[in-house]
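# Residue-level structure breakdown
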Amino acid sequence: MTRLIEPETPRLRLRQWREGDLAPFAALNADPEVMAHFPAPLSRAESDALAGRIRGLITERGWGLWAVEIKQGESLQASLPTSFIGFVGLHIPRDDLPFAPCVEIGWRLARPSWGHGYAREAAEAALAVAFDSLGLDEVVSFTSLDNRRSRAVMARLGMHHDATFEHPALPPGHPLRPHCLYRLGAADWRGARR
């Protein structure tokens, strides 16, 4: 049986997915602003299927793209319809990427939770799992070139812009096809924590 890893931070809980997460997850996946750097918003069925795949991978590996919830008592929690705000975590992406194989760190949060430092806080907990628990040598992250918000989170995490590439899942000429790759090595991460 794989041991389930569920990290916590002072304000957040990164955990396995629950049925109650599906509706708010579908809402954030249908939000055009949240999905501006993806090919299209997701339907409810597509969102539920994605959550199911993510949950299955966490069950299989013990880690993954965790559901993120705000802990009771956190000021923003009282103003949201649910404590679930999206996902943050680790994932093994498609093997046709030019830098595969690798483990990526990623996030997708509901718009009301933006600007509160939650992406960085949860991502730091995920990086601790990657480097301390899983013993990874490196973690990558990537996004479309114009996704300034995510690129800013990557920089605040200490990740370094390494390259640009054409995402193979998108057709040539698609405006989101040009992507940037960021990397963070275990030694750099440990050095920054000292």
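Let me sum up the structure you'll find in this document. (Residues numbered from 1 in each chain as written. Predicted model: local features only at pLDDT ≥ 70, side-chain atom pairs only at ≥ 80, totals over all residues. Heavy atoms only, no water.)

With that settled, the discussion passes to the packing of aromatic side chains. Counting across every chain of the model gives eight aromatic pairs. Pairing Phe25 with Phe87 gives two aromatic rings, centres 6.0 Å apart and planes at 55 degrees, and the pair type is tilted. Taken as a pair, Phe25 in helix α1 (residues 22-30) and Phe87 in strand β3 (residues 84-91) lie far apart in primary sequence, 62 residues in all. Among the residues examined, Phe87 registers a relative accessible area of 6% and is labelled buried. A connected cluster of aromatic rings, assembled from ring pairs, spans Trp17, Phe25, Phe84 and Phe87. One Lys or Arg, Arg61, reaches over the ring of Trp63 and ends 5.4 Å from the middle of that ring. Its guanidinium or amino end placed over the ring of Phe38, Arg108 lies 4.3 Å from that ring's centre, counting from NZ or CZ. (Phe/Tyr/Trp six-rings, centres within 6.5 Å; stacked < 30°, edge-to-face > 60°. Helix = DSSP H or I, 4+ residues; strand = E, 2+ residues; numbered from the N terminus. Buried < 20%, exposed > 50% of the residue type's maximum accessible area, 1.4 Å probe, protein only. Lys NZ or Arg CZ within 6 Å of the ring centre and 35° of its normal.)

Turning to the nonpolar core, a few remarks are in order. Counting 48 residues, the largest nonpolar core has Trp17, Trp66, Leu90, Ile105 and Trp107 as the members making the most contacts within it. Top element by residues in this core is helix α3 (residues 118-133). It accounts for nine residues. Counting seven residues, the second largest nonpolar core, distinct from the first, contains Leu97, Val140, Phe142 and Phe165. (Core = buried A, V, L, I, M, F, W, Y, C linked by side-chain atoms within 4.5 Å.)

With that settled, consider the packing of α3 against helix α5 (residues 186-193). Look at α3 against α5: their axes get within 11 Å of each other, and the N-to-C directions meet at 115 degrees. Crossing of α3 over α5 shows left-handed handedness. Where α3 approaches α5, its residues Leu127, Ala128, Phe131 and Asp132 are matched on the opposing element by Ala186, Trp189, Arg190 and Arg193. The class makeup of the residues in the contact of α3 with α5 is five nonpolar, no polar and three charged. (Axes fitted to C-alpha atoms, helices over the stretch in contact; angles between N-to-C directions. Left-handed = near helix turned anticlockwise from the far one by under 90°. Contact = heavy atoms within 4.5 Å. Nonpolar A, V, L, I, M, F, W, Y, C, P; charged D, E, K, R; others polar.)

Before going further, it helps to examine the pairing of strand β7 (residues 178-185). Here β7 lies mainly inside the structure; six of its eight residues are buried. As paired strands, strand β5 (residues 138-144) and β7 are joined by seven bridges and run antiparallel to one another. Paired with Thr143 across the two strands is Cys180, which belongs to β7. Strand direction decides the pairing type here: strand β6 (residues 160-166) and β7, joined by six bridges, are antiparallel. Within the sheet, the bridge partner assigned to Glu166 lies in β7 and is Pro178. (Pairing = 2+ DSSP bridges.)

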